[in-house]
Amino acid sequence: MSDGGPRPLPSASGLVSVARFLASTRAEGPGERTAVWVQGCTIRCAGCFNPHMWTFRGGEGLAPDDLAARILHTGTDGLTLLGGEPFDQAAALAEVATAVRRAGRSVMTFTGYTSEQLREAVAEGREDVAALLGETDLLVAGPFLRDRIDTVRPWVGSANQEFIALSDRFPHLLDDVRREHDRIEISVDASGQIAVNGWAELELLDELLSSLGRNPPARPPRGASPTA
Ligand code: SF4
């Protein structure tokens, strides 16, 4: 039965539009991962922490092979795709994910679409959506709902978001998620620029940064943008 919800956009080009590339993080999925935020999202959840990633303008256009090479060069355990909305550029990201998995590394994909919407897109013939799902080991699905904030489970923003294991890559992960605490990662580069990965309520983030003698970033960045 159709839920009548939105469907992912077909990819507009063969390039991936990248909003942010983080070579190494431990706050965006299991283990040490490379995180790629894509530019563009049609879902537009109220309270999204990454509204600057809604527009499909901007971002760095990268060929899938080039992006995959950059990811593999980092030597991390795997790739986490966030956004923005990965399934709005599923075809190109499926190529990236294929290369990452061929190298023996894992792929985790955040999406603001529900698992039902993705299943229905596949049933309607969306091969790009099927391809990215087929190259994803762990899917985190569902829009960010600001009235259902989840401060317990790692990586997600709201309680409706589902962890779905699409391969046996993380056999204990769904159990581990119940035990693992949510975390944020704060880094300060040589120029004093602060980057925050992971999810935290604004008040907590303000308190944490002021205890470090730092002003919060002008726009609080979100690692796992509440969904994506
Ligand atoms: S939370 Fe994710 S899916 Fe929702 S609007 Fe923001 S980027 Fe898009």
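Each remark here, short or long, concerns the structure printed above.
These figures come from a predicted structure and were not determined experimentally.

## Some remarks on the overall build of the chain
- If you tally the helices and strands in the chain, you get six helices and nine strands.
- Out of the 228 residues in the chain, the part that is buried amounts to 48%.
- Contacts in the chain between residues at least 24 apart in sequence constitute 69% of all its contacts with a sequence separation of at least 6.
- Taken as a whole, the chain presents about 10500 Å² of accessible surface, with 51% of it coming from carbon and sulfur.

## A look at the sheet that holds strand E3 (residues 60–62)
- Strand order across the open sheet formed by seven strands is E3-E1-E2-E4-E5-E6-E7, with mixed pairing between neighbours. Each edge of the open sheet carries a strand with a single partner, namely E3 and strand E7 (162–165). Within this sheet the neighbouring strands show an average axis-to-axis angle of 30 degrees, counted without direction.
- Note: strand E6 (residues 138–141) against E7, four bridges, orientation antiparallel. In the sheet register, Ala-141 faces E7, and the bridge partner there is Glu-162.
- Running at roughly 10 degrees to strand E1 (residues 16–25), helix H1 (residues 64–73) makes contact with E1, strand E2 (33–38), E3 and strand E4 (78–82) of the sheet.
- Relative to the sheet, helix H2 (residues 90–102) contacts E1, E2, E4 and strand E5 (106–111), its axis offset from that of E5 by approximately 150 degrees.

## A word on the side chain of Gln-161
- In this fold, Gln-161 is placed in the loop between E6 and E7.
- Residue class for Gln-161 comes out buried when judged on its relative accessible area of 2%.
- Engagement of the side chain of Gln-161 in a polar contact is seen with the backbone oxygen of Gly-142, the distance being 3.2 Å.

## Points about the environment of Gly-78
- Along the chain, the position of Gly-78 falls in strand E4.
- In this structure the C-alpha to C-alpha distance between Gly-78 and Gly-31, which are 47 residues apart in sequence, comes to 8.2 Å.
- Residues within four places of Gly-78 in sequence aside, it is in contact with Glu-32, Arg-33, Thr-34, Arg-105 and Ser-106.

## Considerations on the nonpolar core
- Counting residues in each nonpolar core, the largest one holds 28 residues, and the members touching the most others are Val-16, Val-36, Leu-67, Phe-87, Val-96 and Leu-132.
- Those elements that provide at least two residues to this core are E1, E2, H1, E4, H2, helix H3 (115–123), helix H4 (127–134) and E6.
- The dominant element in this core, judged by the number of residues it contributes, is H2, at seven residues.
- The residues contacting Val-16, other than those within four sequence positions of it, are Val-38, Glu-60, Gly-61, Leu-62, Leu-67, Gln-89, Ala-92, Leu-93 and Val-96.
- Formed by 15 residues, the second largest nonpolar core is a distinct cluster that contains Leu-82, Val-156, Phe-170 and Leu-173.

## Remarks on unusual backbone geometry
- The step from Gly-83 to Gly-84 runs through a cis peptide bond, and the omega angle for that step is 10 degrees.
- Mapped onto the secondary structure, Gly-84 falls in the loop between E4 and H2.
- In this structure, Arg-44 is a non-glycine residue whose phi angle is positive, near 60 degrees.
- Residue classification places Arg-44 among the partly exposed residues on the basis of a relative accessible area of 43%.
- Its identity as a non-glycine residue notwithstanding, Trp-155 has a phi of 75 degrees, on the positive side.
- Structurally, Trp-155 can be placed in the loop between E6 and E7.
- Taking the relative accessible area as the measure of exposure, Trp-155 reaches 4% and is therefore buried.

Analysis parameters
Residues numbered from 1 in each chain as written. Predicted model: local features only at pLDDT ≥ 70, side-chain atom pairs only at ≥ 80, totals over all residues. Heavy atoms only, no water. Helix = DSSP H or I, 4+ residues; strand = E, 2+ residues; numbered from the N terminus. Buried < 20%, exposed > 50% of the residue type's maximum accessible area, 1.4 Å probe, protein only. Contact = heavy atoms within 4.5 Å. Areas by Shrake-Rupley, 256 points an atom, 1.4 Å probe, with all protein chains shown as cover. Pairing = 2+ DSSP bridges. Axes fitted to C-alpha atoms, helices over the stretch in contact; angles between N-to-C directions. Polar contact = N/O pair within 3.5 Å; in protein donor to acceptor, adjacent residues only side chain to side chain. Core = buried A, V, L, I, M, F, W, Y, C linked by side-chain atoms within 4.5 Å.

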